[in-house]
Amino acid sequence: MIHSLFLINHSGDIFLEKHWKSVISRSVCDYFFEAKEKAAEPENVAPVLQTPHHYLITIYRGKLFFLSVVQTEAPPLFVIEFLHRVADIFQDYFGECSESVIKDNVVTVYELLEEMLDNGFPLATESNVLKEMIRPPTILRSVVNTLTGTWSNVGDTLPTGQLSNIPWRRAGVKYTNNEAYFDVIEEIDAIVDKSGTTVCAEIQGVIEACVRLTGMPDLTLSFMNPRLLDDVSFHPCVRFKRWESERALSFIPPDGNFTLMNYHVSSQNLVALPVYVKQSISFFDSGPCGRLDITVGPKQTMGKTVEALMVTIHMPKAVLSANLTATQGSYTYDLATKVLVWDIGKLNPQKLPNLKGSLSLQAGAPKPEDNPSLNIDLKIQQMAISGLKVSRLEMFGEKYKPFKGVKYLTKAGKFQVRT
Amino acid sequence: DTWISTQKKIHSQLSLPVYPLQENRQFGSKMTDSKYFTTTKKGEIFELKAELNSDKKEKKKEAVKKVIASMTVGKDVSALFPDVVNCMQTDNLELKKLVYLYLMNYAKSQPDMAIMAVNTFVKDCEDPNPLIRALAVRTMGCIRVDKITEYLCEPLRKCLKDEDPYVRKTAAVCVAKLHDINAQLVEDQGFLDTLKDLISDSNPMVVANAVAALSEIAESHPNSNLLDLNPQTINKLLTALNECTEWGQIFILDCLANYTPRDDRESQSICERVTPRLSHANSAVVLSAVKVLMKFMEMLPKDLDYYGTLLKKLAPPLVTLLSAEPELQYVALRNINLIVQRRPEILKHEMKVFFVKYNDPIYVKLEKLDIMIRLASQANIAQVLAELKEYATEVDVDFVRKAVRAIGRCAIKVEQSAERCVSTLLDLIQTKVNYVVQEAIVVIKDIFRKYPNKYESVIATLCENLDSLDEPEARAAMIWIVGEYAERIDNADELLESFLEGFHDESTQVQLQLLTAIVKLFLKKPTETQELVQQVLSLATQDSDNPDLRDRGYIYWRLLSTDPVAAKEVVLAEKPLISEETDLIEPTLLEELICHIGTLASVYHKPPSAFVEGSRGVQHKRLPGSAGSGESVESPDPGAAATETPPAVIPSQGDLLGDLLNLDLTPTTTTGPPPPTTSGMQMGAMDLLSGGLDSLVGLLHQGPPSLSASPSTTTLGGDIGGNPAMGAAFGAAPATMPASFNAPGSGGLDDLFDLGGGVGMPMGALNPPKAVWLPAMKAKGLEISGVFVRRAGVIQMEMTLTNKAMSVMTDFAIQFNRNSFGLAPAGPLQILTPLSPNQSIEPLNNLQVAVKNNIDVFYFSCQYPISMLFVEDGKMERQVFLATWKDIPNDNESQFQIKDCHLNSDAASNKLQSSNIFTIAKRTVEGQDMLYQSMKLTNGIWVLAELRVQAGNPNYTVSSVALAVRSLLCCVLLLTSCISVYFEDQHFVLIHNQSCLNSPTFILGRWKYLMVIQVYRKH
């Protein structure tokens, strides 16, 4: 399974290595550097690379490469999932996943990695199990430790979750205020063509939970319209049989924040887009210039306001500058990356925002061949665009009354308008 | 905005979480480990040493932390070994863990010092705290020092039976570690058996780890029959599957995938219990579950309701995988590529999820494009085309090129869309973007091949872009078009002439194409182009040192000068249409890859044996057959049998062009020109001939696993093919057998016609004595001798296994490498009683080549006589035989002599008949008996032979009667189609003739490709 891990920063320095079996020389990373050199963007480095004796499986997260070395026929998805889990844990422990933070906490990182994998097999990857074994760095403990001088970052008892059949929850959780909150967040992935027709549109939904409940609560979350959900994946805590028979989520929750479920509403169910975009970007054959005219308007918003609206355009290389007027918001054009960003903000249905003006091209450059594509960002509070609604949350197994709440949010995922 | 983002505010007021996170980063940063990096270089080690030996616990720990920090960034702190080890005896768990981390890193370089730690380890293994016990056994396993591993055995044995499951599961993994360091020790100590027992453990996590450990050991050590799966263990695994962690589920699912259910009911019940895993959040669990389902589905009857339900359930999880991180998407897409080839119905409605998004990484874009084409059908082609056209205007060059090619593939795949595709391509050509134009021309050439006389109107547009083509492939394609349609292009001669100017600077591909195109032009417009053709022929034959080019030049030259009419027939022959599907993975390989879904093999689309290091024993996995169709030994290709509609495999774009180039060459064999006399011509013919022989002899060398990579060097045909001089000798009429025929490789041929030995023997099938295949020396005491026989229509391999070792042998199994005739064991090797020393047994078993027992896996190769492959119904109808015989061109024949044969013609005929070589007719000419014979191979290939027997001369001047046997291979081909035949790196296309429905045609080639022919036949 996973043999070694190298952490590599943006500029190609290996700043941490960990080996779970025999030590593999750093030089194995040269194959990766070669591939990185070839790919223009770090995002474009292929995730699975073959070298004469090893396989390099890489993920790119937070401007860092997590490169693992595999020597046997191991499932690459397994490795990739694990690497993402490592990054998640770093995020969870240190608040961010960056080179400086990892260097600041290198011993904890090392202890974590040792605890997460044994001989290449995952050992403890649940955040709450790990936290019982290796305490996250906190100011409170630092103070206590300095005062008493008898501190330890490491728990000396076996984590309770490790062996129970609910490894995600530890025993003896206590809160003075018991709360269970859920966020239903939906992202719209869509491609709209020149004429404004939707080529494809789908929704990636996720239910994030924040549960702080005493004891061993058993929750049931039910929906008004569960029929929407035909393509789902659950946190291991969800009882699949109950879902199959009743279409309700029944589970003993992990303590704290976790992703309860992901779902996918495909193009077969009609997905309504919240905004429409009228655009024309054209370059003249005659002179080194072009015109741009973009208007955004609301389409299907169920009476809610579209916020944080932003249009990003990757211009052809020949475009030197843009001279535009925006009726709302402001625009910037980055010469180096050729990216035009129009930050609109709130969408006012009475007065549609418009961006209009001319583009100037490099003198003598031919008319650009590639059409720029518009990426839309937006947010709509208190609405799930698929129409999904939670009907109620029940709790069994504990006597107290928890605070409960559900919030909805719709965002643009990969929302792209072609020109 | 969301709960999660606002929670911090709320919770800091309302409740006190047990582990508050990150309240104050600014403050925290002062207290971080970065300070460990700032120690001054000078005297660093010395300082640390002092601190490590400090009396203060706190200082000690700080020092160890500094050491660890230095270690992680690659500084050498091994000099501190004794000081760090001294800190190990402590009740502070963190300090202990830190010391362990250090030990694991440096023990290897300081083995003598490491031994100091052993006592602490052994003591810790007895600690009342299970965490400490587990930690000790875990760490000990990571110290790869022999001296330490010796001490590990006893604690490990105890921990494997520990009352605490956490310790047991850690110990299970430790066995795998120990095996990696010292496999023999693990076997001797009986740890493997204990590990096997853990599969039945009450705790699911222990089960999962035991499975993981066993799988890893089995991979590096394929002979041990470790994961002996039976319905009981399967049941236990399925129970554990529901309760263990996500990673454990992956191990268990991967292990389940190796099981072959007894019947369709068991298969269904396993599927039902695995299906819930498809909704797991971990994509690796999902993909492993998909693998199990894809494999076990093979056994379900298609008319079963459950089969349809299962198909429907597979689509959503696969689609969901595509919304994950790009790295996961990539692996998922590579696997989906396999799945849609095997079962296109699963995702046929999901085309849209494969549409490429602007900000997908390039590696995801390219994979999506591939799958889009695979899913393209009449129903969705309009959408697909609109998308592809969009992609063709993007920025990334590789992606744009692939998109343009994709349009061409759509045209070839979906006939209804061809017109639209062509007009899209023309639009793209109008953009004048150089690489788009070149790609478009390459694919338009393919479209012409598929739909002749339909879209030639676009040629004018293509010709406009002639000057901008600078890539060989595009130039070659354009030249082909000009040559092929020379009669419609007024200035074809000018165009081709312009290419001719820089002839020597062109790549071979372009040169060959140009030669052919000009010859075509000449045959179409002889008057104006005589000079041009002269010029190109002389360039190709006299000024070039490329043998391919020269040979082709000579062939044309002779053809044109001897018989222009024949030349026209040959060069301007109608070409076969190209097939619709390109880039398909060979069905048998696809089946194997389906069994490896989710692994590296599935990403590389290669079998694991092809690339995994140290995988000498990786077994080729196969899909189980569908319900009721038991695989018989005689089924020539079980893979093809399992596929309902085996798609014809034709090589990808690049190869197609190669085929095109060679198309013009091969009709020489079908149009039947007068026997060639010139060397150039003979070369071509010899190539074909030797190919046939190569295969004939090649089949005597049934690819032994260890040899399979280089059989051609040992086969006779390979020699002939590579050596024209020998080939020429061969062509001469009844020559004596070339010396190399007696080489070991030709043993089978001798067997086949070894009639001499049979004088005193009772009539019966050829029954050679057993030969030693695997000497005891090479196989740790196991000797295997055997023989192949054909009994009652069944090919059998009789083996004698003799145990010449001192210990008992058990756990026998047998497996054959893939071979030309698809021979496979009909049943497992059944040796019920363990084999005691010096005991030998003789199980009757059917055929070939890796034998394993409890000691190791042994490989050997053995040749089986070709006569074994002759089937009982190999008797051809007289008329058919006659027609076939006549149709075989002379140069497809081969002859050789059999010496020392004292039989008369009747006796020979009888004897041959007993080996399923049937006499169709007999005639006597000038005292010679001519026997005409036919035989048929298990894979449906016919061989016709003529046997000439000189009646016995009472005064033997030579003690041999010479029998001349004309043997040739021919294949009854029912389809008008072209077959690719590979000779090493070159490929040839051998064609059909038009009326081949009535008269069989002859194909000579490697056996590998005769399998392909088989596929055509079934069609």
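Bear in mind that the values here come from a model prediction, so they are computed numbers and not experimental data. (Residues numbered from 1 in each chain as written. Chains lettered and ligands numbered in written order. Predicted model: local features only at pLDDT ≥ 70, side-chain atom pairs only at ≥ 80, totals over all residues. Heavy atoms only, no water.)

Enquirer: What should I look at first to understand the overall build of chain B in this one?
Expert: Looking only at helices and strands, chain B has 43 helices and 15 strands in total. Every one of the 1019 residues in chain B was classed for burial, and the buried ones make up 59%. Nonlocal contacts in chain B, meaning residues at least 24 apart in sequence, comprise 69% of its contacts between residues at least 6 apart. Element-wise, carbon and sulfur atoms account for 51% of the exposed surface of chain B, whose accessible area totals about 40,900 Å². (Helix = DSSP H or I, 4+ residues; strand = E, 2+ residues; numbered from the N terminus. Buried < 20%, exposed > 50% of the residue type's maximum accessible area, 1.4 Å probe, protein only. Contact = heavy atoms within 4.5 Å. Areas by Shrake-Rupley, 256 points an atom, 1.4 Å probe, with all protein chains shown as cover.)

Enquirer: Mind showing me how you'd approach the sheet that holds strand β14 (residues 275-283) of chain A here?
Expert: Whenever strands of a sheet pair, they do so through backbone hydrogen bonds, lying parallel or antiparallel. Residue and element names in this part refer to chain A. Ordered in space as β14-β15-β20-β17, the 4 strands form an open sheet in which the pairing is antiparallel. Strands with a single pairing partner mark the edges of an open sheet, and in this sheet they are β14 and β17 (319-326). Ignoring which end each strand starts from, the neighbouring axes of this sheet average 15 degrees apart. Sheet analysis places strand β15 (residues 289-298) next to strand β20 (residues 354-361), joined by 7 bridges and oriented antiparallel. Within β20, the residue paired with Ile-294 across the bridge is Leu-355. (Pairing = 2+ DSSP bridges. Axes fitted to C-alpha atoms, helices over the stretch in contact; angles between N-to-C directions.)

Enquirer: What's the story with the packing of aromatic side chains in this structure? I'm lost.
Expert: The geometry of an aromatic ring pair is captured by the separation of the ring centres together with the interplanar angle, meaning the angle of the planes. In total, this model carries 21 aromatic pairs over all chains according to the counting rule given. Pairing Tyr391(B) with Phe399(B) gives two aromatic rings, centres 5.3 Å apart and planes at 40 degrees, and the pair type is tilted. Given a relative accessible area of 0%, Tyr391(B) falls into the buried group. A connected cluster of aromatic rings, assembled from ring pairs, spans Phe78(A), Phe82(A), Phe121(A), Trp247(B) and Phe251(B). The positively charged end of Lys365(B) is found above the aromatic ring belonging to Tyr358(B), 5.9 Å away from the centroid. One cation-aromatic arrangement involves Lys365(B) over Phe399(B); the distance from NZ or CZ to the ring centre is 5.3 Å. (Phe/Tyr/Trp six-rings, centres within 6.5 Å; stacked < 30°, edge-to-face > 60°. Lys NZ or Arg CZ within 6 Å of the ring centre and 35° of its normal.)

Enquirer: Sorry, what's going on with the sheet that holds strand β10 (residues 218-223) of chain A here?
Expert: Residues and elements named next belong to chain A. What the 3 strands build is an open sheet, ordered β12-β10-β22; its pairing is antiparallel. For this open sheet the edge positions go to β12 (248-251) and β22 (390-396), each flanked by a neighbour on one side alone. In this sheet, neighbouring strand axes are inclined to one another by 10 degrees on average, regardless of whether the strands run parallel or antiparallel. Where β10 lies against β22, 6 bridges are found, and the strand directions are antiparallel. Residue Thr-220 lies in a different strand from β22, and its bridge partner there is Glu-394.

Enquirer: Hey, could you run me through the pairing of strand β18 (residues 330-334) of chain A in this one?
Expert: Looking along a regular strand, one sees the side chains alternate between the two faces of the sheet. Residues and elements named next belong to chain A. Pairing between β18 and strand β19 (residues 339-345): 5 bridges, direction antiparallel. For Ser-330, the partnering residue across the bridge sits in β19 and is Asp-343. Adjacent in sequence and paired antiparallel, β18 and β19 are bridged by 4 residues, among which Lys-338 carries a positive phi angle near 60 degrees.

Enquirer: Can you walk me through the side chain of Glu506(B) in this structure?
Expert: Residues and elements named next belong to chain B. Tracing the sequence through the fold places Glu-506 in the loop between α28 (492-500) and α29 (508-524). A residue is classified by how much of its surface remains accessible, and Glu-506, at 14% relative accessible area, is buried. Only 2.7 Å separates the side chain of Glu-506 from the side chain of Arg-475, close enough to count as a polar contact. With sequence-adjacent residues up to four places away left out, Glu-506 is seen in contact with Arg-475, Phe-499 and Gln-511. (Polar contact = N/O pair within 3.5 Å; in protein donor to acceptor, adjacent residues only side chain to side chain.)

Enquirer: How do you make sense of the confidence of the model for chain B when you look at a structure like this?
Expert: Low pLDDT means the predicted coordinates in that region are not meant to be read closely. All names here are of chain B. Mean pLDDT over chain B stands at 69; residues scoring 70 or higher make up 62%. Long-range and interchain partners of residues 838-848, a stretch whose pLDDT sits below 50, account for 55 contacts in this model, where long-range means more than four residues apart. In the predicted structure, residues 953-1019 sits below a pLDDT of 50 and forms 192 contacts with residues beyond four places in sequence or in another chain. For this predicted complex, the interface confidence score (ipTM) comes to 0.80, while the overall pTM stands at 0.66. (pLDDT = per-residue confidence, 0-100.)

Enquirer: Mind showing me how you'd approach empty space enclosed by the protein here?
Expert: Gaps left between atoms show up when a probe the size of a water molecule is rolled over them. Residue and element names in this part refer to chain B. Overall, the coordinates contain 14 cavities of 30 Å³ or more when judged by the stated rule. The calculated volume of the second largest cavity comes to roughly 90 Å³. Those elements giving two or more residues to the lining of the second largest cavity turn out to be α14 (204-220) and α16 (246-256). Across the lining of the second largest cavity, the residue classes break down as 6 nonpolar, 3 polar and 1 charged. (1 Å grid on protein atoms, 1.4 Å probe; cavity = no way out; pocket = protein on both sides within 12 Å on 5 of 7 lines; lining within 4 Å. Points joined across faces, edges and corners; volume = space filled by probe spheres on them. Nonpolar A, V, L, I, M, F, W, Y, C, P; charged D, E, K, R; others polar.)

Enquirer: In this structure, what is going on with the pairing of strand β21 (residues 373-381) of chain A? I would like to understand it.
Expert: Residues and elements named next belong to chain A. Among the 9 residues in β21, 7 count as buried, and that is most of the element. Of the strand pairs in this sheet, strand β16 (residues 306-314) and β21 are connected by 6 bridges, and their pairing is antiparallel. Residue Val-306 lies in a different strand from β21, and its bridge partner there is Ile-380. Here β21 pairs with strand β23 (residues 403-418) via 6 bridges, running antiparallel. The residue bridging Asn-375 from the neighbouring strand is Gln-416, located in β23.

Enquirer: Whenever I open this one, the pattern of salt bridges confuses me. Can you help?
Expert: Side chains that carry opposite charge are capable of pairing whenever their charged atoms lie near each other. In this structure the tally under the stated criterion is 45 salt bridges over all chains. Salt-bridge contacts for Glu17(A) lead to Arg26(A); the nearest nitrogen and oxygen are separated by 2.5 Å. For Arg26(A), a relative accessible area of 29% translates into the label partly exposed. For Asp427(B), the salt bridge is made with Lys389(B), and the minimal N-O distance between the two is 3.3 Å. Residue Asp427(B) is located in helix α24 (residues 418-430), and its partner Lys389(B) is located in helix α22 (residues 381-391); the two are separated by 38 residues in the primary sequence. You can call Lys389(B) partly exposed: its relative accessible area is 35%. What you see here is one network of salt bridges that share partners, running through Lys18(A), Glu114(A), Glu115(A), Lys97(B) and Arg138(B). (Salt bridge = Lys/Arg side-chain N within 4 Å of Asp/Glu carboxyl O.)

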